[in-house]
Amino acid sequence: MHELSVCLSLMEQVEQIAREHGASSVTRIILSVGPLSGVESELLRHAYPLAIAGTVAADAELVMESADIVVRCSQCETETTVVPNKLLCGACGDYRTRVISGDELTLMSVELDTSGEPPDTR
Ligand SMILES: [Zn+2]
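The structure reproduced in this document is the subject of the present report. No experiment lies behind these values; they were computed from the predicted model shown.

### With respect to the sheet that holds strand 6 (residues 105–113)
Turning to step 1, where the next piece is worked out: Strands sit in the order 2-1-6 across an open sheet of 3 strands; the sheet is mixed. Sheet topology places strand 2 (61–66) and strand 6 at the edges, where each strand pairs with a single neighbour. With strand direction ignored, the average angle separating the axes of adjacent strands in the sheet is 20°.
Turning to step 2, where the next piece is worked out: Sitting on the sheet, helix 1 (residues 2–20) is in contact with strand 1 (25–33) and strand 6, with an inclination near 40° to strand 6.
Turning to step 3, where the next piece is worked out: Running at roughly 165° to strand 2, helix 2 (residues 41–52) makes contact with strand 1, strand 2 and strand 6 of the sheet.

### Observations regarding the coordination of the zinc ion
Turning to step 1, where the next piece is worked out: Protein coordination at the zinc ion: the donors are Cys-73 (SG), Cys-76 (SG), Cys-89 (SG) and Cys-92 (SG), at 2.3 Å from the metal.
Turning to step 2, where the next piece is worked out: Geometry at the zinc ion is tetrahedral, judged from the 4 donor atoms that bind it and their angles of 103 to 120° at the metal.
Turning to step 3, where the next piece is worked out: Donor residues for the zinc ion sit on one chain with the sequence pattern C-x2-C-x12-C-x2-C. Here the residue Cys-76 occupies a position in the loop between strand 3 (69–73) and strand 4 (79–82), and Cys-92 occupies one in the loop between strand 4 and strand 5 (97–101), the gap between them amounting to 16 residues.

### What about the packing of aromatic side chains?
Turning to step 1, where the next piece is worked out: This structure, assessed with the given rule, holds 0 aromatic pairs.
Turning to step 2, where the next piece is worked out: Positioned above the aromatic ring of Tyr-95 is the side chain of Arg-96, whose terminal nitrogen or guanidinium carbon lies 5.5 Å from the ring centre.

Calculation criteria
Residues numbered from 1 in each chain as written. Predicted model: local features only at pLDDT ≥ 70, side-chain atom pairs only at ≥ 80, totals over all residues. Heavy atoms only, no water. Pairing = 2+ DSSP bridges. Helix = DSSP H or I, 4+ residues; strand = E, 2+ residues; numbered from the N terminus. Axes fitted to C-alpha atoms, helices over the stretch in contact; angles between N-to-C directions. Contact = heavy atoms within 4.5 Å. Donors = N, O, S within 2.8 Å, 3.2 Å for Na, K, Ca; no water. Tetrahedral: all angles 85-135°; square planar, octahedral: opposite > 155°, others 65-115°. Phe/Tyr/Trp six-rings, centres within 6.5 Å; stacked < 30°, edge-to-face > 60°. Lys NZ or Arg CZ within 6 Å of the ring centre and 35° of its normal.

So this is what it looks like as structure tokens:
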């Protein structure tokens, strides 16, 4: 399952951030999901509990925000925020655009609990 491996690699980032800050736990993970990323939010939500089990983020809430799709026109260089099935330039209407944002999954922010003792990370 693609979403599980996506989730697991995100958790590596989250755990590293938690370690760097000496956090005892992670309370919330905020993701930005690009509509063109190929990641299904629903599947990601199902994979999430498997990925966080036994980690410092085992109790973390998952928040997913939908990212905008932005394309740049190859004709007039205008950048336009578009919807998934209509990747047209907003200035000249040309279809020869390139996606510059909206095709990735980004870890936006991680909320940490640093009040307790960090877990043993020998
Ligand atoms: Zn254009």
